[in-house]
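Each chain, letter by letter, is given below.
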Amino acid sequence: MTTDDLLTVSQFSVSYDVTPPVEAVRNVSLTVRRGEILGLAGESGCGKTTLAYGIQRLLKPPAVITSGSAVFHDESGEDFDINTMDEIQMRAFRWEKASMVFQGAMNALNPIITIGAQLQDVFSTHRPAMTRTERRLESGRLLDLVGVGSNRLRSYPHELSGGMRQRVMIAMALALKPQLMIMDEPTTALDVLVQREIIEQISELRAEFGFSVIFITHDLPLLLEISDRIAVMRDGRIVEIDTARKLYENPTHDYTRRLLASFPSLTGERGGFVRRPGEPALDEEAGSIR
Amino acid sequence: MRFFLRRAAFYAFTAWAAITINFFLPRMMKGDPVSAYLQKNQGRISPEAIDSLRTLFGLDSNKSLLEQYIDYWQLLFSGDLGRSFSKGLAPVTDVIASAIPWTVGLVGIATVISFVVGTAIGAFIGWRRGSRADGIVPVATFFSTVPYFWMGLIAIAIFSTTLGWFPASHAYDKGTQPSFTLEFAGQVIQHGFLPALTLVIGSLGGWILGMRNMMITVLDEDYVTVAQAKGLRPSRVLVNYAARNASLPQLSSFAMSLGFIVGGTLVMELVFSYPGAGKLLLDATTAKDYPLMQGLFLVITLTVLVANILADVAYAILDPRTRQMEA
Amino acid sequence: MTTLEFKNVSKKYRVRGSGELLALDKVSFTLTSGQTIALVGQSGSGKSTIAKILTQLERVSSGEVLLDGTPIPTWGRPLRRYRQSVRMVFQDPFASLNPAHTIRHHIERPLRLDKVVPADQVEEEVFRLLNRVRLSPEQTIDRRPHELSGGQRQRVAIARALASRPALLIADEPVSMLDVSIRLEVLNLLAELQREANLGVLYITHDLATARHFSDEIMVLHHGTVVERGKADDVILRPQHPYTRALRDASPDPEKHFAVPTTPGATS
């Protein structure tokens, strides 16, 4: 374990305690390095979101962590084992060390309170010493940083476009300068032009603040462009993890190959598309896990 | 601002429509009970009282409908709703005014208590879904399905007849005159306790269940997870993120139930012989006291309207999206 | 040979408070049997308005929509004939099938209504259609939609659309709600059926890559106007309009990102 590592997840398993139990994440081990973007690719039901929630201990019953550990190596040298912290320690850890960005165009923001209030309650929780004015100024500064503008503090989520809302989420995730940001399909609901702007903003901010990102999406082409490394998940397991280029050029697992082939190339050859008519379709459709 | 003007126009129209229907209804009645009554009691009613009754019930056959309609509005604005046949020809306005405070006071307080307590309990057990708190659900369902009159009678049988803790009927002891003394207030509370308690118990379950189900829906929303991921204290997530959103639909039901306070508590007022508006309406109906009935209908319609206005205002304050949708 | 023609079609929506919104501005195009056109645009571009006009959910504000030279009928038997020759496949396979009915019912209905085959051959035809969309008839025919996966459901929707032997098919984001690994199968299937039956297909999508490979031509829609149209490869590889170029450049393209050297086996 080197100091380059930020998060070490080992043998992590999560089950949904229903009858029969569903193993959503099975013995996942991975490391997130300081400052890298780690892509987590997979289709719906593969367990990628469950894994991300598990790392933050945000799972709701009937989901339970059945085994494994997730250890966060703070830049101070201190280690935080996520499974052994009590409720109060966990609350202090959340957002301070690791924040999250969700599908912003959907409903990650509370519709009935202003975005300013939602930014400020991060500070009132984690920085109780800050005065009201300081909180407001700092929230405004964050909104300026992501290009929303501090004059939007009093806006409600529905008054902003999908792209704007996602920027607000990013501003919020930045608030405490965390070392890790978990992004769950942050651009899926957005148009491709807006998606590109958001992606560029994330890389700029990362260059400036040096946080690591776990970027979760089913959009493999996007991941290939932005990630340093990519983990491909299927049925709760990581089937392959490698640098983006290696994964793209030399995928070793069949499923990775199949996933890559699912996205026809924009400017290149047709790939798997319509090239081989008459060939029996791959009938093995991924079953969804509830 | 546009939003409020639009709503105001809507309510003004509704009020106008309701009052106009109230004007036409007696004119469509078969027979002429009012003339017959006036005939029978000639000399006992003052000429101007007769005039207003004539206007209210369309007996001025020599006037055009439009003139009658204008006269009718003038009467309403002067607060004259005619004379009650069954209450010794007292002005209808006075009769209603003497009953309304009892109903509004008792039922209003009971409704507010029930809403506040039920919503709080519902929020809590929704928050703790799957825990032992869920045990409240079947109990709440049971009490909300028990017929009210039965519960009222059981309450009288136990707490009044057997234990003698509370009086079984009326709003205050017989023979006392309403006054602003401590003793009288004590009587009112003692008399009101059982009716209020049964009303609260009977309606509590609905509030609990409604709030609990909404909480469970809201707890699955992303913004609640975000609030937890932000490390906020559970009490803050519960109140500011979950319960605030979950209580919005509760609020409209609350306004509706406020609207039904005046007209909708007939059973309670019967069981406890409580001198409120519901009992008054029943008395008026049995006595064929048309002026009183008409006056009560008007008051009931207007309370429902006012309650709806309150709900709209509250919604607009609490949910910024409503304001925008109309803009 | 069937031809669907959009002639200077405009569609205005009244927006409360702020006047009118021009969702489509003088859009013209023709779709003929055997032809595949991709209609590409982002949300708000007007592409779903075109789909709504074609399904008769919306009326045009000005201009004409002609099927073989006659305006789309709005009622009665002519409308049914129109619906027989222009069929739809929708985005959401969960919403477009009735959960209360079996797959058999879904496919039999258009067969019987449009009297495609004699009554005694309906069963046989249902089997044939299910086979064509590569579903095992024995295993699916008596099931209900919720017992099938998303991909299977979308195939049922395609079989149903094909039942009345249409000349034209409008596919409105037919794969965007499916899991990524089965999207291509469904698109490949559509492409194959298109060739077999010489269908004209309007493929409505926001995805440039599949648009390029699926269709002969691409029309790019932006704020209600067609900003660019041409051969699929030309539009993507040599876009003329700045908006098309912006869209192309914003779309993830790992092939370009990693540029050379790329091993040939990487994408198959």
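For every chain, the first residue of its written sequence is number 1, and the numbers climb from 1 along that sequence. Naming scheme: in the order in which they are written, chains are lettered from A and ligands are numbered from 1. In keeping with the model being predicted, local features are shown solely for residues with a pLDDT of at least 70 and side-chain atom pairs are shown and tallied solely at 80 or more, while totals for entire chains, interfaces and linings include all residues. The side-chain quantities take in all heavy atoms of the structure and omit both hydrogens and water.

Undergrad: Tell me about the overall build of chain C, and name the residues and values.
TA: Broken down by element type, chain C carries eleven helices and ten strands. Referenced to the eigenvectors of the C-alpha coordinate spread, the extents of chain C come out at roughly 55 × 50 × 40 Å. Among the 268 residues that make up chain C, the fraction classed as buried is 53%. Partitioning the contacts of chain C with sequence separation of at least 6, the portion at a separation of at least 24 is 67%. For accessible areas, the Shrake-Rupley method is used with a probe of radius 1.4 Å. Any residue's cover is judged against the shown protein chains and nothing else. A total accessible area of about 12000 Å² is found for chain C, and carbon and sulfur atoms account for 49% of it. Secondary structure counts use DSSP, requiring at least four H or I residues in a row for a helix and at least two E residues in a row for a strand, with both numbered from the N terminus. Buried residues are those whose accessible area, probed at 1.4 Å on protein chains only, stays under 20% of the maximum for their type, while exposed residues exceed 50% and partly exposed ones sit between those limits. Contacts are assigned to residue pairs that have any heavy atoms within 4.5 Å of one another.

Undergrad: Tell me about the domain arrangement of chain B, and name the residues and values.
TA: All names here are of chain B. Domain start and stop positions are those given by an automatic or database domain assignment. Considered domain by domain, chain B is made up of domain 1 (1–90) and domain 2 (93–323). The partner domain 2 presents 22 residues to the 27 residues of domain 1 that form the contact. The term buried area means the drop in 1.4 Å probe accessible area that two parts suffer when joined, counted for both and summed. Of the roughly 2000 Å² buried where domain 1 meets domain 2, counting both sides, 71% is carbon and sulfur surface. Criterion for a salt bridge: a side-chain nitrogen of Lys or Arg within 4 Å of a carboxyl oxygen of Asp or Glu. Applying the counting criterion to the domain 1 and domain 2 interface returns one salt bridge. Among the elements of the structure, helix 1 (2–24), helix 2 (33–40), helix 3 (47–57) and helix 4 (65–77) are those that each provide at least two residues to the side of domain 1 that touches domain 2.

Undergrad: So what about the sheet that holds strand 6 (residues 98–101) of chain A? Which residues, and what values?
TA: Residue and element names in this part refer to chain A. Two strands form a pair only when DSSP identifies at least two bridges running between them. Strands sit in the order 6-7-8-3-9-10 across an open sheet of six strands; the sheet is mixed. Two strands close off the open sheet at either side, each with one partner strand: strand 6 and strand 10 (237–243). Neighbouring strand axes in the sheet, compared pairwise and without regard to direction, differ in orientation by 20° on average. Taken together, the four bridges between strand 3 (residues 37–41) and strand 9 (residues 229–234) define a ladder with parallel strand orientation. The residue bridging Leu 40 from the neighbouring strand is Ala 231, located in strand 9. Lying on the sheet, helix 1 (residues 48–55) is in contact with strand 3, strand 6, strand 7 (180–184), strand 8 (212–217) and strand 9; it crosses strand 8 at an angle near 150°. Lines are fitted to the C-alpha atoms to define the axes, a helix being fitted only along its stretch in contact, and any angle between axes, read from their N-to-C directions, falls within 0 to 180 degrees.

Undergrad: Describe empty space enclosed by the protein, naming the residues involved and giving the relevant values.
TA: By rolling a water-sized probe across the atoms, one finds the places where empty space is left. Residues and elements named next belong to chain A. Using a grid of 1 Å spacing that covers the protein atoms alone, one calls a set of points a cavity when a 1.4 Å probe fits there but cannot get out, and a pocket when the set is open and has protein on both sides within 12 Å along at least five of seven lines; lining residues are those with an atom within 4 Å of a point. Grid points are joined across faces, edges and corners, and a volume is the space filled by probe spheres set on the points. According to the stated counting rule, one finds four cavities of 30 Å³ or more in the structure shown. Estimates place the volume of the largest cavity at around 50 Å³. Val 9, Leu 30, Leu 38, Leu 40, Leu 51, Ala 52, Ile 55 and Ile 214 are the residues that line the largest cavity. Mapped by element, the contributors of at least two residues to the lining of the largest cavity are strand 3 and helix 1. Considering every element that reaches the lining of the largest cavity, the biggest residue donor is helix 1, with three residues. Grouping the constituent residues of the lining of the largest cavity by class yields eight nonpolar, no polar and no charged. Under the scheme applied here, ten amino acids are nonpolar (Ala, Val, Leu, Ile, Met, Phe, Trp, Tyr, Cys and Pro), four are charged (Asp, Glu, Lys and Arg), and all others, including Gly, are polar.

Undergrad: So, the packing of aromatic side chains: which residues are in play, and what are the values?
TA: A pair of aromatic rings is counted whenever rings of Phe, Tyr or Trp (Trp by its six-membered ring) have centres within 6.5 Å, and the orientation is called stacked for planes under 30 degrees apart, edge-to-face for over 60 and tilted otherwise. Taken as a whole and judged by the stated rule, the model has 20 aromatic pairs over all chains. With a centroid separation of 6.5 Å and an interplanar angle of 55°, the aromatic rings of A:Phe72 and A:Phe80 are classed as tilted. Accessibility assignment for this pair places A:Phe72 and A:Phe80 in one class, buried. When the ring of B:Phe159 is compared with that of B:Trp165, the centres are 5.8 Å apart and the planes differ by 40°; the resulting orientation is tilted. Residue B:Phe159 is classed as partly exposed on the basis of its relative accessible area, which comes to 25%. The rule is short: NZ of Lys or CZ of Arg within 6 Å of the ring centre and within 35 degrees of the ring normal puts a charge over the ring. Lying across the ring of C:Tyr13, C:Lys11 places its NZ or CZ 5.2 Å from the centre.

Undergrad: So what's going on with a nonpolar patch on the surface? Which residues, and what values?
TA: Residue and element names in this part refer to chain B. Every patch collects residues that have over 30% relative accessible area and no salt bridge, joining them within 9 Å if they carry like charges and within 5 Å if they are nonpolar side chains (Val, Leu, Ile, Met, Phe, Trp, Tyr). Together, Phe 149, Trp 150, Leu 153, Ile 154, Ile 158, Leu 163, Trp 165 and Val 267 give the surface a local cluster of nonpolar side chains, amounting to about 770 Å² of exposed area. Sorting elements by how many residues they give to the nonpolar patch places helix 7 (residues 148–162) first, with five residues. Its relative accessible area of 34% is what places Ile 154 among the partly exposed residues.

Undergrad: So what's going on with helix 3 (residues 115–126) of chain A? Residues and values would help.
TA: In this model helix 3 of chain A runs 17 Å from its N-terminal to its C-terminal C-alpha over twelve residues, within 8% of the 16 Å that 1.5 Å per residue would give. Burial runs high along helix 3 of chain A: ten of the twelve residues are buried. Residues of helix 3 of chain A that are buried include every one of A:Ile115, A:Gly116, A:Gln118, A:Leu119, A:Gln120, A:Asp121, A:Val122, A:Phe123, A:Ser124 and A:His126, and no others. Here the buried face of helix 3 of chain A lies against helix 2 (87–93), helix 4 (132–145) and helix 5 (162–174) of chain A together with helix 10 (234–259) of chain B. Each helix should span, by expectation, one fewer than its residue count multiplied by 1.5 Å.

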